[in-house]
Amino acid sequence: MPPDEEPHPPDEGVDEVGHTHANVAGGRLRAATFGAMDGLVTNISLVAGVGASGASGQTIILSGMSGLVAGAFSMALGEFTSVTTQNEQVDAEVLVERRELARHPKAELDELIELFVDLGMREETAAAAAAEIHLDSDKAVNLHLTHELGLDPDDQPSPMVAAVSSFVMFSLGAIIPLLTYLAGFESLTVALLVGAVGLLLAGGLASRFTSQPIWKGALRQLAFGAIAAGATYFVGYLIGVPATG
């Protein structure tokens, strides 16, 4: 051991030696990020379109809150269905692989040996390792699926976690463009500026979980929101609110 390297603590795993990995499993981060971004972009665009039409502040609040509720439920139900379907597909692949192991054990064993050899093992070592793994059918199925399809049956995201994360984060994102109107300050320009700040913060925060620079993530999300809001503003301006009286 080098003199400047501390001994590995006996009660800590590999992740604690020099670095740690973020938990990218479970569906929380993707659903939460997507929900917050979608909530922001959806309601900024909605406020821009309805506001550009000349509608009153009360109409903008009604439209925005309706968009918040409808969007949050739509996102949550969509995430739940999507993740559930994904998990069911993985379960179906487990059954397929389990049947293959039962019907063609020698072929599956040879396949795993070949995989280990491709990874750099000597053939004798690969054969011994594959044979030992195949003693436990569950471990054998999981390993075949992980290496053949990139699926891990023991690490599937939770549909409920994804749905709740999406619902909550969409609602939080969608409320931001409405804050000024809810506070009684009816200015479309200020509402859009507040929404722009929300896009910058959300984009920058999301980039903290990746290797992207914060400024890049923030500006990218602002650009996406500006495109959507600009298009909706243009539509609202063209249609307008019919004059009464």
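Residues numbered from 1 in each chain as written. Predicted model: local features only at pLDDT ≥ 70, side-chain atom pairs only at ≥ 80, totals over all residues. Heavy atoms only, no water.

**Observations regarding a nonpolar patch on the surface**
- The grouping of Tyr233, Phe234, Val235, Tyr237, Leu238 and Ile239 at the surface amounts to a nonpolar patch, some 690 Å² of accessible area in total.
- Along the chain, Tyr233 falls in helix α9 (residues 214–239).
- By relative accessible area, Tyr233 is classed as partly exposed at 37%. (Patch = residues over 30% accessible without salt bridge, like charges linked within 9 Å, V, L, I, M, F, W, Y side chains within 5 Å. Areas by Shrake-Rupley, 256 points an atom, 1.4 Å probe, with all protein chains shown as cover. Salt bridge = Lys/Arg side-chain N within 4 Å of Asp/Glu carboxyl O. Helix = DSSP H or I, 4+ residues; strand = E, 2+ residues; numbered from the N terminus. Buried < 20%, exposed > 50% of the residue type's maximum accessible area, 1.4 Å probe, protein only.)

**Considering the nonpolar core**
- If you look at the biggest cluster of nonpolar residues, it comprises nine residues: Met37, Leu40, Val41, Ile44, Ala48, Leu199, Ala202, Ala206 and Ala229.
- Looking at this core, the elements that each hand over two or more residues are α1 (28–52) and α8 (188–207).
- By residue number, the principal contributor to this core is α1, which donates five residues.
- Not counting the four nearest positions on each side in its chain, Ala229 is found in contact with Ile44, Ser45 and Ala48. (Core = buried A, V, L, I, M, F, W, Y, C linked by side-chain atoms within 4.5 Å. Contact = heavy atoms within 4.5 Å.)

**Looking at the packing of aromatic side chains**
- Counted under the stated rule, the structure contains one aromatic pair.
- Taken together, a centroid distance of 5.1 Å and an interplanar angle of 75 degrees make the contact between Phe73 and Phe167 edge-to-face. With Phe73 in helix α2 (residues 57–103) and Phe167 in helix α6 (residues 159–175), this pair connects stretches of sequence that are 94 residues apart.
- For Phe73, a relative accessible area of 46% translates into the label partly exposed. (Phe/Tyr/Trp six-rings, centres within 6.5 Å; stacked < 30°, edge-to-face > 60°.)

**What about helix α5 (residues 137–149)?**
- The end-to-end C-alpha distance of α5 is 17 Å, a good match for the 18 Å that 13 residues give at a rise of 1.5 Å each.
- Taken together, the buried positions of α5 are Ala140, Val141, Asn142, Leu143, His144 and Leu145.
- Structurally, α5 contributes buried residues whose contacts are with α2, α3 (105–118) and α4 (123–133).
- The N-cap residue of α5 is Asp136: its side-chain oxygen and the backbone nitrogen of Asp138 are 3.0 Å apart.
- Looking at the residues trailing α5, positive phi occurs at Gly150, about 70 degrees. (Expected span 1.5 Å × (residues − 1). Polar contact = N/O pair within 3.5 Å; in protein donor to acceptor, adjacent residues only side chain to side chain.)

These figures capture arrangement, not role.
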